[in-house]
Amino acid sequence: MKDILKQFVEISAPSGREEPIQKAIRASIQPYVDEIRTDSLGNLIAHKKGNGKKLLFDAHMDEIGFVATYIDDHGFVHIEPLGGHNPVNLPFQRICFEYGSKGTIGFESEILSKNGADRKEVSFDTLYVDIGARSKNEALSKIRIGETATYDSPFVDLGNRYMSKAMDDRIACALLVKLIQTLQTHHHDLYFVFATQEEVGLVGSKAASYGIEPDFGIALDVTATGFEDTPKGLKRVPMKLGAGPAIKIQDRSMIANHNLNQWIQTVADQNRIPYQFEVLPFGGTNGGVIQTTKSGVYTTCISIPTRYLHSPSEMVDVMDVQNTLQLVKAIAEKEIVL
Amino acid sequence: MFDWEKNLQQITDLYGLSGEESSVIQWIQKEIAPFVDESYVNTLGSFVAIKKGKGSQRAKLMISTHIDEIGFVVGAILENGFLRVEPRGGVDPKILQAQECFVRDIHNEMIPCVFSTVPPHLVKPEERTKVPSYDTLILDTGLEEKEVRKRIHVGSGIIFKSSFTKLLSDHYAGKTLDNRSCAVISMAVAHELMTVLHDWDVYFVFSSQEEVGTKGAGTSAWEIEPNVAIAMDVGFGSQNGHDGLPLGKGPGIGIGPNFTPKIVNDLRECADNKYIPFTLEPCARPGGTDAGSIQIVRSGIPTALLSLPLRYMHTPVEVLNLKDCKYIVELLTAYIKTLNDEYLEGLQWS
Amino acid sequence: MVLKELCNLPGISGYENEVRTFIRHEIADFADEIKIDCLGNLMVKKRGHNCSKHIMYLAHMDEVGLMVEKIDSNGIVKFSTVGGILPSILPASRVTIMGKKTLQGVIGILPIHLQKNAIMDPIKMDSLYIDVGASSDKDLQGSIEMGDPIVFNTAYEEYGRLWKAKAFDDRVGCSIMIDMLKQNITPAYDTWFVFATQEEVGLRGSATATYQIQPDFAVVLEGTTACDNPLVERNRYTTQLGKGPAISIAHNGFVFSKKIFDFFKSVSEKHQIPYQIKEKVAGGNDATNIGKGEKGSYVGSLSVPVRYIHSPVSLMHPEDYQNTLQLALAIYQENHSFLTL
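Cut-offs applied
- Within every chain, residues take consecutive numbers counted from 1 along the sequence as written.
- Chain labels run from A onward and ligand labels from 1 onward, assigned in the order the entries are written.
- Local features in a predicted model are, by the rule used here, given only for residues with pLDDT of at least 70; side-chain atom pairs are given and counted only at 80 or more, and totals for whole chains, interfaces and linings are based on all residues.
- Excluding hydrogens and water, the side-chain figures rest on all heavy atoms present in the structure.
- Between any two strands, at least two bridges found by DSSP are needed for them to pair.
- In DSSP terms, a helix is any run of H or I states spanning at least four residues, a strand is any run of E spanning at least two, and both are numbered starting from the N terminus.
- Residue contacts are counted whenever heavy atoms from the two residues lie within 4.5 Å of one another.
- Lines fitted to C-alpha atoms define the axes, with helix axes restricted to the stretch in contact, and inter-axis angles between N-to-C directions lie between 0 and 180 degrees.
- Buried, partly exposed and exposed residues are distinguished by accessible area as a fraction of the type maximum, computed with a 1.4 Å probe on protein chains only: under 20%, between the cut-offs, and over 50%, respectively.
- Charged residues are defined narrowly, with Lys and Arg counted positive, Asp and Glu counted negative, and His plus the chain ends left uncounted.
- A pair is scored as a salt bridge if a Lys or Arg side-chain nitrogen falls within 4 Å of a carboxyl oxygen belonging to Asp or Glu.
- Residue ranges assigned to the domains are those given by an automatic or database domain assignment.
- Buried area counts how much accessible surface, traced with a 1.4 Å probe, disappears from two parts once they are put together, with both parts' losses summed.
- Any pair of nitrogen or oxygen atoms within 3.5 Å is treated as a polar contact; in protein, a donor-acceptor pairing is required on top of that, and neighbouring residues in sequence qualify only through side-chain atoms on both sides.
- Lys, Arg, Asp and Glu make up the charged group, whereas Ala, Val, Leu, Ile, Met, Phe, Trp, Tyr, Cys and Pro make up the nonpolar group; the residues left over, Gly among them, are polar.
- Here a cavity denotes grid points, spaced 1 Å and computed from the protein atoms alone, that fit a 1.4 Å probe unable to get out, and a pocket denotes an open set having protein on both sides within 12 Å along at least 5 of 7 lines; residues with an atom within 4 Å of a point are the lining.
- Grid points are joined across faces, edges and corners, and a volume is the space filled by probe spheres set on the points.
- Each angle receives one of four descriptions, namely roughly parallel if under 35 degrees, roughly antiparallel if over 145, roughly perpendicular if within 65 to 115, and oblique otherwise.
- Any cysteine sulfur atom paired with another within 2.5 Å is treated as part of a disulfide.
- Aromatic pairing here means that ring centres of Phe, Tyr or Trp (its six-membered ring) are within 6.5 Å. Orientation follows from the plane angle: under 30 degrees is stacked, over 60 is edge-to-face, and everything else is tilted.
- Throughout this description, the term charge over a ring refers to an Arg CZ or Lys NZ atom that lies within 6 Å of the ring centre and within 35 degrees of the ring normal.

**As for the sheet that holds strand β17 (residues 318–321) of chain B**
Residue and element names in this part refer to chain B. Here three strands make up an open sheet; going across it, the order is β10-β11-β17 and the pairing antiparallel. Looking at strand neighbours, the two that pair on one side only are β10 (165–166) and β17, the edges of this open sheet. Lying over the sheet, helix α9 (residues 322–338) contacts β11 (171–174) and β17, oriented at roughly 55 degrees with respect to β17.

Okay, here's the thing in structure tokens:
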């Protein structure tokens, strides 16, 4: 599990540029599935045939990132966000471009000196990337406009916790890969969607789900932790690391199906897998678009609690990862009865 | 006789947060059964009741009214069993202090509770001008923490507690008149159709999850593929500080890009013929009601919107005028009578 | 116990009639003398073994509420507050207007969708109004008029292990005094039980009652604020539910005598009745008037902790009721020992 995870999170593949991760996932599951294809949006769709109804598992392959849009006369690279970034978190982070150039996100000192550090001034208009180029020409020789970038932040094993960029949502990709590799028996006709462009608006999953028309949908994604996890954590967020996978109740994209949740709770209880409930005041997952596919799909989401979301140091708990794998495995083996 | 008061009272008392509408559906199913030919619940938890018509083309009119209500879910259980909440749907945090609610426990029992307040004696001057937020609002059930943790968990649903009350001159106040009042109007139309000859099949859709993104209506329309759809929802009534739809002066008829001009015109004509008052309600932007998602299902569905004027929307003291409900029944019945085989052809753009 | 019935009765300051009539009826069989004074105080005498000193127990009958200030031509009812009520607790609440006719109404607010500055603008009192469903002021002629009292529309109910009602402040004190009278104890000294009016608008009833009785020893029975919830700093709790009657050290404008404070503590310790000390001096009650009235008097305040007072919904703990009643009864039976100290 750790090896797959390390491999996946260290691949750079922001929204819309998922091919590297898509290839890695494909290579690790191809022998274990009946069919595998990539659709026009880049979604990787694997099929493990079964006699029951269609059950779709979804994890998104993309990560948040940046795109180079302009190189100024000093050779600084100006970037725009791909997915949800809070610019305040960005100054002095290292990033790596699609073709290997590295740099750090710089930020005008004049802005810092104004009232000490007026963080409100920090925006993609005032940030730039310094790739060490002495001139515009040097920069242009290293970077092409339109080249994407992601955090330059490798996987770290902290003992009981793992830390890296792109845990969101490669942790779920790794879980699904592990599930596919180890699943012995299953009832349902299983579809695994490794979706693209989640971070820019649940794009890939919507199309994939439309094509598959599943009866049940389960999105696997990460979720935030709050006041019970870190001292000044968000008051409105109850989730914490180490308390097991989070069964989604609601977020901005979806009210998860009540009956499906209850069934999953029963499965977890039977297998003595700890779990927590997720109520998230912000954000959404692919569950939101799977749910409203055509005439509707019984949908929920299982989340891996993750600290410092959308930062270069997203952190998950090893036990949570193991318990989530146990849970999705138990789900995949059984027949869903609502 | 259709018993408006009883029906409104009963339907608004029920628990039915967005995504958890089953008690409301059970009640409607029982009450509407004598008036319709068949019914079912679909995947996203909307309830569909069908009144068959006599026509040969089996054309379908869908009347969509959402039955979910706004409220909260438990966001966290705090010391001494106090509950932090997270809204489901748009609830104004300013109205919540000292407001009574019910939280539903794991056995579906309703536990009364109240949003806590700090009494004036202890409020600091700077707190007087602070607008309450979901960080500072908590619920008190009066139960001990042990018991709270046994019966309630993160995600347990919470609704307003509010009894349906008669005010003066046909006005009524209550919670979730948005939009259960329109569901009762749909039932009254079904009741009316028992004694009316009509060609088209009428699909009464009691849709789920409107308050969290009009989800039930869109998926139901996908499944039903109606020829014409009319969404019925509450609209902003005239009240102190807002010049909206006047109460007691008939429904609002939506006009704008979300609505098919021919249907709008036909509804207006029906109203004029029957001397039913109405107010035109310009909606410059599609969305917000079931009509928003129905219109763009599959290859598109001719859609219109009827609005029931409502004051104090999204509070536990929403106010409607019963006359408006009755006007809508009359208008819809008249419109349904005009639906025949030729009507379909008239819907084509020239 | 008649707490439930008492709380359900309407009775804002100056309009305590229904409460008074109810109490008078309840205690008629246990009174040696009943007086109602000019301010509407109900004064009930229990003759003692000795008439050389006068003892007084006092609770106020009135509750906070609203009053019709103006009826607009569009039928909207504007109101003013009677007693301390924050504007923030009023929107979307239900009220009953006690006019010639009794009308139900709701306090309106602009829907959240239509508010331009929803997150920024606090609720202002002058933007609030009551909707009774009238289309114009003509609809209301003969039903309600300016000055009619308005009460919160809240019925007594059990809430988990707690009780819920409006007006625990101070019907709980009234109820305890009724229970004390019903014990039919002959006290050591002549004792007056005063059900006072107009506390919430400036401690007015108790002033005239004190003048008439000139007590040597008095106890005020109150419902006091309990702010024991996790969002409030611990030092603002004031009192906590379930920890017994609250004994006051001081409140706004008055410091209780050390003698009284020690006496209350010793009685509760002797009878093993739990008590707590009121931890804030915020708020005041009739004890101020009594303590500094006329020649001055020994006065103490025993309070039942009540959450969310001065709002439509308040909560209290049944055990606090029982313990406050027990302590009040013990003081009632032993106050001669205090006076001979």
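After that view of the structure, there is still more to cover.
**Digging into the side chain of Asp320 of chain C**
All names here are of chain C. In this fold, Asp320 is placed in helix α7 (residues 318–339). Although Asp320 is buried, it forms no salt bridge, and the closest oppositely charged side chain is Arg307 at an N-O distance of 8.6 Å. Contacts of Asp320, omitting those with residues within four sequence positions, involve Gln240, Leu241, Gly242, Lys243, Gly244, Val304 and Pro305.

**A look at the domain arrangement of chain A**
Where interface size is quoted, it is often the accessible area lost as the parts come together. All names here are of chain A. Each assigned domain of chain A is listed here: domain 1 (2–63 + 165–333) and domain 2 (65–151). Distance from the C-alpha centre of domain 1 to the C-alpha centre of domain 2: 31 Å. Both faces combined, the contact of domain 1 with domain 2 buries some 910 Å², and carbon together with sulfur accounts for 57% of it. The interface formed by domain 1 and domain 2 holds zero salt bridges in total. One can count three residue pairs in polar contact (both at pLDDT 80 or more) joining domain 1 with domain 2. Among the residues forming the side of domain 1 that touches domain 2, the class breakdown is four nonpolar, four polar and four charged.

**Quick word on the pairing of strand β4 (residues 65–71) of chain A**
Residue and element names in this part refer to chain A. Burial within β4 is extensive, with five of its seven residues counted as buried. Joining the antiparallel neighbours β4 and strand β5 (residues 77–82) is a turn of five residues, in which Gly75 adopts a positive phi near 85 degrees. As judged from the two bridges shared by β4 and strand β9 (residues 148–151), these two strands associate in the antiparallel manner. Residue pairing across strands places Phe66 opposite Ala149, the latter belonging to β9.

**Remarks on the interface of chain B and chain A**
Every contact between the two is made by 26 residues of chain B and, on the other side, 23 residues of chain A. When residues of chain B are sorted by the area they lose upon contact with chain A, Thr43, Glu86 and Trp222 of chain B head the list and together hold 26% of the total. If you look at where chain B meets chain A, you find one salt bridge. Linking Glu86 of chain B and Arg236 of chain A is a salt bridge whose minimum nitrogen-to-oxygen distance equals 2.7 Å. The interface formed by chain B and chain A includes six residue pairs in polar contact (both at pLDDT 80 or more). Within the side of chain B that touches chain A, the residues separate by chemical class into 10 nonpolar, eight polar and eight charged.

**Remarks on the arrangement of the chains**
Across the two pairs of chains that are in contact, the largest number of contacts falls between chains B and C. When C-alpha atoms are compared, chain A and chain C, though not in contact, are closest at a spacing of 11 Å.

**A short note on the interface of chain B and chain C**
Every contact between the two is made by 61 residues of chain B and, on the other side, 67 residues of chain C. Together, the buried faces of chain B and chain C total about 5100 Å²; carbon and sulfur atoms form 61% of this surface. The tally of links between chain B and chain C comes to six salt bridges. Residue Glu100 of chain B pairs with Lys164 of chain C through a salt bridge whose shortest N-O separation is 2.9 Å. Between chain B and chain C we count 23 residue pairs in polar contact (both at pLDDT 80 or more) in total. Among the secondary structure elements, those contributing two or more residues to the side of chain B that touches chain C are β7 (110–115), α3 (125–128), β8 (138–140), β10 and β11 of chain B. Of the residues that constitute the side of chain B that touches chain C, the class distribution is 25 nonpolar, 22 polar and 14 charged.

**A word on the domain arrangement of chain B**
All names here are of chain B. Domains assigned within chain B are domain 1 (4–69 + 175–346) and domain 2 (71–160). Distance from the C-alpha centre of domain 1 to the C-alpha centre of domain 2: 33 Å. When domain 1 packs against domain 2, close to 1100 Å² is buried across both sides, 63% of that on carbon and sulfur atoms. Sorting the residues of domain 1 by area buried against domain 2 places Tyr15, Leu17 and Pro316 first, and these three jointly supply 46% of that buried surface. Among the ionic pairs, Glu20 bridges to Arg88, the shortest N-O distance being 3.0 Å. Counting across the domain 1 and domain 2 interface gives four residue pairs in polar contact (both at pLDDT 80 or more). A class-by-class count of the residues in the side of domain 1 that touches domain 2 yields five nonpolar, three polar and four charged.

**Some remarks on the sheet that holds strand β10 (residues 156–157) of chain A**
Residue and element names in this part refer to chain A. Strand order across the open sheet formed by three strands is β10-β11-β17, with antiparallel pairing between neighbours. The outermost strands of the open sheet, each flanked by one partner alone, are β10 and β17 (314–317). Relative to β17, strand β11 (residues 161–164) runs antiparallel, the two being bridged by four bridges. Looking at the pairing, Ser164 lines up with Glu314 of β17. Packing against the sheet, helix α5 (residues 167–182) makes contact with β11 and β17, and its axis sits at approximately 35 degrees to β17. The strands that helix α9 (residues 318–333) touches are β11 and β17; relative to β17, the one it contacts most, it runs at about 65 degrees.

**Here we look at the pattern of salt bridges**
Taken as a whole, this structure holds 48 salt bridges over all chains when the rule is applied. Put simply, Arg307 of chain C and Asp140 of chain B hold a salt bridge, and the shortest N to O gap is 2.7 Å. With Arg307 of chain C in strand β18 (residues 298–307) and Asp140 of chain B in strand β8, this residue pair bridges two chains. Each member of the pair, Arg307 of chain C as well as Asp140 of chain B, is classed as buried. Ionic contacts of the salt-bridge type, sharing partners, join the residues Glu100 and Lys161 of chain B together with Glu157 and Lys164 of chain C into one network.

**Quick word on the side chain of Thr165 of chain B**
In this fold, Thr165 of chain B is placed in strand β10. In terms of polar contacts, Thr165 of chain B uses its side chain to reach the side chain of Arg94 of chain C, at 2.6 Å.

**Focus on empty space enclosed by the protein**
Under the definition given, this model contains four cavities of 30 Å³ or more. If you trace the largest cavity, you find 13 residues lining it, with Val64, Ala167, Asp169, His310 and Ser311 of chain C closest to the centre.

**Things to note about the environment of Asn50 of chain C**
Residues and elements named next belong to chain C. Here Asn50 shows up in strand β3 (residues 50–60). Among residues more than four places away in sequence, those in contact with Asn50 are Ala188, Tyr189 and Asp190. There is a polar contact of 2.7 Å between the side chain of Asn50 and the backbone nitrogen of Ser52.

**Points about the packing of helix α1 (residues 4–13) of chain B against helix α2 (residues 22–32) of chain B**
Packed helices, taken two at a time, are described by the angle their axes make and the gap between the axes. All names here are of chain B. Running from N to C, α1 and α2 point in directions that differ by 155 degrees, and their axes come no closer than 10 Å. The angle between α1 and α2 places the two elements in the roughly antiparallel class. When α1 is examined against α2, the residues Lys6, Asn7, Gln10 and Ile11 are found in contact with a partner set consisting of Val24, Trp27, Ile28 and Glu31. Looking at side-chain class alone, the contact of α1 with α2 contains four nonpolar, two polar and two charged residues.

**So, the state of the cysteines**
Defined simply, a disulfide is a covalent bond joining two cysteines at their sulfur atoms. Scanning the entire structure with this criterion turns up zero disulfides over all chains. Cysteine Cys173 of chain A shares no disulfide, and the gap to the nearest cysteine sulfur, in Cys301 of chain A, comes to 13 Å. For Cys173 of chain A, a relative accessible area of 0% corresponds to the buried category. Sulfur of Cys38 of chain C: no disulfide; nearest cysteine sulfur belongs to Cys174 of chain C and is 19 Å away. Its relative accessible area of 78% is what places Cys38 of chain C among the exposed residues.

**Points about the packing of aromatic side chains**
Taken as a whole and judged by the stated rule, the model has 28 aromatic pairs over all chains. Between the aromatic rings of Phe76 of chain A and Tyr128 of chain A, the centroid separation amounts to 4.5 Å while the plane-to-plane angle is 40 degrees, which identifies the pairing as tilted. In this pair, Phe76 of chain A is assigned in the loop between β4 and β5 and Tyr128 of chain A in strand β8 (residues 127–130), connecting sequence segments 52 residues apart. With a relative accessible area of 22%, Phe76 of chain A lands in the partly exposed category. Each member of the aromatic cluster is reached from another via a ring pair, and the members are Phe217, Phe263, Phe264, Tyr298 and Phe338 of chain C. Over the ring of Tyr210 of chain A we find Lys294 of chain A; its NZ or CZ atom is 4.2 Å from the centre of that ring. A cation sits over an aromatic face here: Arg298 of chain B above Trp222 of chain B, 4.1 Å from the ring centre.

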